[in-house]
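What follows is each chain in one-letter form.
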Amino acid sequence: MEPNQWSVRPVPGAWGKYRHTIAYIRAGDGSSKAIFPVKIPGSDLWTLEVHVPQLDFVENNYRGNWELEIVTANGRSAVTYNANQNNIGWNVVGEFELPAGEVLVEFSNKTDGRLVIADAVAWSRKN
């Protein structure tokens, strides 16, 4: 059964910062979040990727659409990511014009699937 609060689980192949773990939670109303902070060195167009490891305990169709938010000094941008279509490994979420400074990627527990998984995020400069 999926947990009703963000829980940590070790998973081989995870990029999680803490001992190759993922954070995961069952679907909810969007009020519970896992937050990934990053310092962006310069204003530019950046590509956001999320990492999803092989998860033998999760069927692909359990994932659904995940509701993410990108938070910068300029405000918040809502992003819907179709996690049912992802590959094992790194997956492109989209491209975003970002200012220099702290950027947060917030995974909420809002999904039309059954489960949200937060392993790792990566930003790469597009230009």
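Here, the structure is the one placed above.
Residues numbered from 1 in each chain as written. Predicted model: local features only at pLDDT ≥ 70, side-chain atom pairs only at ≥ 80, totals over all residues. Heavy atoms only, no water.

Student: Looking at this structure, how should I read the overall build of the protein?
Tutor: Looking only at helices and strands, the protein features 0 helices and 10 strands. Start at the N end of the protein and walk to the C end: the helices and strands fall as β-β-β-β-β-β-β-β-β-β. In terms of overall size, the protein behaves like a compact globule, its C-alpha atoms giving a radius of gyration of 14 Å where 127 residues would be expected to give roughly 14 Å. Over its C-alpha atoms, taken along the principal directions, the protein stretches across nearly 40 × 30 × 25 Å. Sorting the 127 residues of the protein into buried and exposed places 50% on the buried side. A separation threshold of at least 6 residues defines the contact pool for the protein, and within that pool the share at least 24 residues apart is 75%. Carbon together with sulfur atoms contributes 47% to the accessible area of the protein, which is approximately 7,000 Å² in total. Between the averaged position of the 12 positive side-chain charges in the protein and that of its 14 negative side-chain charges there is a distance of 5 Å. (Helix = DSSP H or I, 4+ residues; strand = E, 2+ residues; numbered from the N terminus. Rg over C-alpha atoms; globule rule 2.2 N^0.38 Å. Buried < 20%, exposed > 50% of the residue type's maximum accessible area, 1.4 Å probe, protein only. Contact = heavy atoms within 4.5 Å. Areas by Shrake-Rupley, 256 points an atom, 1.4 Å probe, with all protein chains shown as cover. Lys, Arg positive; Asp, Glu negative; His and termini not counted. Charge placed at Lys NZ, Arg CZ, Asp CG, Glu CD.)

Student: Looking at this model, I keep getting lost on the pattern of salt bridges. Mind explaining?
Tutor: Oppositely charged side chains can form a pair if their charged atoms are brought close together. In this structure the tally under the stated criterion is 6 salt bridges. A salt bridge links K33 to E69; its shortest N-O distance comes to 3.1 Å. With K33 in strand β3 (residues 33-40) and E69 in strand β5 (residues 65-72), this residue pair connects regions lying 36 residues apart in the sequence. Residue E106 is joined to R76 by a salt bridge in which the shortest nitrogen-to-oxygen separation is 2.9 Å. Placement of E106 in strand β8 (residues 101-111) and of R76 in strand β6 (residues 75-82) is noted, with a sequence separation of 30 residues between them. (Salt bridge = Lys/Arg side-chain N within 4 Å of Asp/Glu carboxyl O.)

Student: Explain the pairing of β6 to me, please; I cannot follow it from the model alone.
Tutor: Both faces of the sheet carry side chains from a regular strand, because those side chains alternate between them. Where β5 meets β6, 8 bridges bridge the pair, whose relative direction is antiparallel. Residue pairing for β6: T72 is matched across the bridge by G75. What sits between the antiparallel neighbours β5 and β6 is a turn of 2 residues. (Pairing = 2+ DSSP bridges.)

Student: Sorry, what's going on with the nonpolar core here?
Tutor: Generally speaking, a soluble globular protein has its nonpolar side chains buried in company with each other. The biggest cluster of nonpolar side chains holds 35 residues, and the ones touching the most others in it are W66, I70, F107 and W123. With residues up to four places along the chain from it excluded, the contact list for W123 reads V38, I40, W46, T47, L48, I70, F96, L98, V103 and V105. (Core = buried A, V, L, I, M, F, W, Y, C linked by side-chain atoms within 4.5 Å.)

Student: Would you mind going over the sheet that holds β3 with me for this structure?
Tutor: In sheet architecture, strand pairing relies on hydrogen bonds along the backbone and comes in two forms, parallel and antiparallel. With antiparallel pairing, 4 strands are arranged side by side in an open sheet as β3-β8-β5-β6. The open sheet terminates on both sides in strands that have one partner only, identified here as β3 and β6. Neighbour to neighbour, the strand axes of the sheet diverge by 25° on average, direction disregarded. (Axes fitted to C-alpha atoms, helices over the stretch in contact; angles between N-to-C directions.)

Student: Please explain the sheet that holds strand β9 (residues 115-118) as it appears in this structure.
Tutor: A sheet is described by the order of its strands in space; here 3 strands give the open sequence β1-β2-β9, paired in antiparallel fashion. Among the strands making up the open sheet, the edge pair consists of β1 (7-10) and β9. Going across the sheet, the axis of each strand differs from the next one's by a mean of 35°, ignoring polarity. Looking at chain direction, β1 and strand β2 (residues 21-26) are connected through 4 bridges and run antiparallel. Pairing of S7 across the sheet is with Y24, part of β2.

The values are spatial; any link to function lies outside them.
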